[in-house]
Amino acid sequence: MKTFIRVVELWVPDRTRTRLEFGGCLCSAEYAEFKAVSENALFAYDEGLPGKAWASGHPVILTKFANSYFKRTDEAVEAGLTCGVALPVFAGEFLMAVMVLFCGDDEKHVGAIEFWHNDAERSHEMALVDGYYGTADMFEFNSRHTRFPKGFGLPGRTWKAGMPLVIKDLHNSKAFLRWEEATEIGINCGVGIPYRTGADQTWVMTFLSAQATPIALRFEIWVPNAARTALVFHSGDCSKGADLASLYEGKQIGKGEGSIGGAWATGMPAINEHLKVDNSVAAAQARASGMNQIVVLPVIEDARLKAVLAWYL
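Here goes a summary of the coordinates provided. (Residues numbered from 1 in each chain as written. Predicted model: local features only at pLDDT ≥ 70, side-chain atom pairs only at ≥ 80, totals over all residues. Heavy atoms only, no water.)

## Considerations on the pattern of salt bridges
Here's step 1: What the rule picks out here adds up to 8 salt bridges.
Here's step 2: With its nearest N and O atoms 3.9 Å apart, the salt bridge here joins Glu-220 to Arg-218. For the pair formed by Glu-220 and Arg-218, the shared burial category is buried.
Here's step 3: Connected through salt bridges with shared partners, the residues Asp-130, Glu-140 and Arg-144 form a single ionic network. (Salt bridge = Lys/Arg side-chain N within 4 Å of Asp/Glu carboxyl O. Buried < 20%, exposed > 50% of the residue type's maximum accessible area, 1.4 Å probe, protein only.)

Shown next, in the form of structure tokens:
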């Protein structure tokens, strides 16, 4: 089974904090040459995809590499990569890291990564900035002509909550307004991630996962407990049908524990290609289900952790 996202990279400030250097990568062997090029790359502020996300202060998406500011175009095309998304993680005004996700291209490549925006001075609704849909052309057309008020649809609900959200079983969900078109092409799970860049600017990143080419095998959202002494399970979705709420009932992850607790302790996103060296309860459950890799994205607002979004491959 091929996942919709083919390569995940981390870019972190170097010792001078003037450039971003390679901080790790998750990918299969077929992307080894692209990884080798990335390992030696550096990006200044506003340079390349990672530097552009740093400068803009919010996610950026590139659906075409040719004739753009993207720096590794030839290598990406050679590897069959067709779209890049950069997710910056800030603590206040300071950049912690940039996570970059790359999608590939083939005939059965269905799913979506979307980037939505609301400018409060101009509109009460959220509109699509850009998105990557694989071969889901009709779904793309409808999405580009849809706007969401606060609290409606996945983008609007994520905006209202100010928290990452997981909506599963989209064919049964009244919360997902495009469920009919999504069901037709096999999209069955949606994930939303909010970004605030000032009182009047809100951005939402959405991942729409299909059964044949899922974004991930499992999504989990963990949040600090009331005392902020540990993380507790909030919500999630597992393509293998596991009841995550029951699995994690009464369980918690301490600050600094495993990849998820580590993201809270450091404020840094994380990738781990060997879950066997992760000692958290979440990693143990994922290993038991045959999952070996994890991607962790902390959601921080006003320099405080709001939630940790984890997905497993």
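## Notes on the packing of aromatic side chains
Here's step 1: Summed over all chains, the structure comprises 15 aromatic pairs.
Here's step 2: On the basis of an interplanar angle of 80° and a centroid distance of 5.6 Å, the ring pair of Trp-11 and Phe-22 is categorised as edge-to-face. With Trp-11 in strand β1 (residues 5–13) and Phe-22 in strand β2 (residues 19–26), this pair connects stretches of sequence that are 11 residues apart.
Here's step 3: Phe-22 gets classed as buried once you look at its relative accessible area, which sits at 18%.
Here's step 4: Plain terms: the ring middles of Phe-233 and Tyr-248 are 5.1 Å apart, the flat faces sit at 40° to each other, and that makes the pair tilted. Within this pair, whereas Phe-233 is found in strand β14 (residues 230–238), its partner Tyr-248 is found in the loop between α7 (244–247) and β15 (253–254), the two being separated by 15 residues in sequence. Each member of the pair, Phe-233 together with Tyr-248, is buried.
Here's step 5: In textbook terms, an aromatic cluster arises when at least three aromatic residues are bridged by ring pairs, as seen for Phe-34, Phe-65, Phe-70 and Phe-102.
Here's step 6: Over the face of the ring belonging to Tyr-69 we find Lys-52, whose NZ or CZ atom lies 4.8 Å from the ring centre. (Phe/Tyr/Trp six-rings, centres within 6.5 Å; stacked < 30°, edge-to-face > 60°. Helix = DSSP H or I, 4+ residues; strand = E, 2+ residues; numbered from the N terminus. Lys NZ or Arg CZ within 6 Å of the ring centre and 35° of its normal.)

## Side note on the pairing of strand β12 (residues 201–210)
Here's step 1: Most of β12 is tucked away, with 10 of its 10 residues classed as buried.
Here's step 2: Side chains of β12 alternate between two faces, with Gln-201, Trp-203, Met-205, Phe-207 and Ser-209 and Thr-202, Val-204, Thr-206, Leu-208 and Ala-210 buried alike.
Here's step 3: Two elements, strand β7 (residues 110–119) and β12, share 8 bridges in a ladder whose sense is antiparallel. Bridge pairing links Ile-113 to Phe-207 in β12.
Here's step 4: Pairing of strand β11 (residues 187–196) with β12 involves 9 bridges; the strand directions are antiparallel. Each residue of the ladder has a partner; that of Gly-192, found in β12, is Thr-206.
Here's step 5: The antiparallel hairpin formed by β11 and β12 contains 4 residues in its connecting segment, where Gly-198 sits at a positive phi of about 115°. (Pairing = 2+ DSSP bridges.)

## Regarding the sheet that holds strand β18 (residues 304–312)
Here's step 1: Taken in spatial order, the 6 strands of this open sheet run β15-β14-β13-β18-β17-β16, and their pairing is antiparallel. Across the chains shown, the open sheet's two edge strands, defined by having one partner strand only, are β15 and β16 (270–272).
Here's step 2: When strand β17 (residues 294–301) meets β18, the two strands line up antiparallel, connected through 8 bridges. Paired with Ile-300 across the strands is Leu-305, a residue of β18.

## Quick word on the sheet that holds strand β8 (residues 125–134)
Here's step 1: The 6 strands are arranged β9-β8-β7-β12-β11-β10 in an open sheet whose pairing can be described as antiparallel. The sheet is open, and its two borders are formed by β9 (147–149) and β10 (165–168), each paired with just one other strand. Neighbour to neighbour, the strand axes of the sheet diverge by 25° on average, direction disregarded.
Here's step 2: Sheet strands in contact with helix α4 (residues 137–144) are β7, β8, β11 and β12, and its direction is about 165° off that of β8. (Axes fitted to C-alpha atoms, helices over the stretch in contact; angles between N-to-C directions. Contact = heavy atoms within 4.5 Å.)

## Side note on the layout of surface pockets
Here's step 1: Put simply, the largest pocket is a space of about 460 Å³.
Here's step 2: For the largest pocket, the lining is made up of 21 residues, of which Phe-90, Tyr-195, Arg-196, Ile-300 and Glu-301 are closest to its centre.
Here's step 3: The set of elements that each furnish at least two residues to the lining of the largest pocket consists of β5 (81–91), β11 and β17.
Here's step 4: Here the element with the most residues in the lining of the largest pocket is β17; it accounts for 5 residues.
Here's step 5: Across the lining of the largest pocket, the residue classes break down as 12 nonpolar, 6 polar and 3 charged. (1 Å grid on protein atoms, 1.4 Å probe; cavity = no way out; pocket = protein on both sides within 12 Å on 5 of 7 lines; lining within 4 Å. Points joined across faces, edges and corners; volume = space filled by probe spheres on them. Nonpolar A, V, L, I, M, F, W, Y, C, P; charged D, E, K, R; others polar.)

## Remarks on the side chain of Asn-272
Here's step 1: Counting through the fold element by element, Asn-272 comes out in strand β16.
Here's step 2: Residue classification places Asn-272 among the buried residues on the basis of a relative accessible area of 13%.
Here's step 3: Aside from chain neighbours lying at most four places away, what touches Asn-272 is Leu-26, Ser-259, Val-277, Asp-278, Asn-292, Gln-293 and Ile-294.

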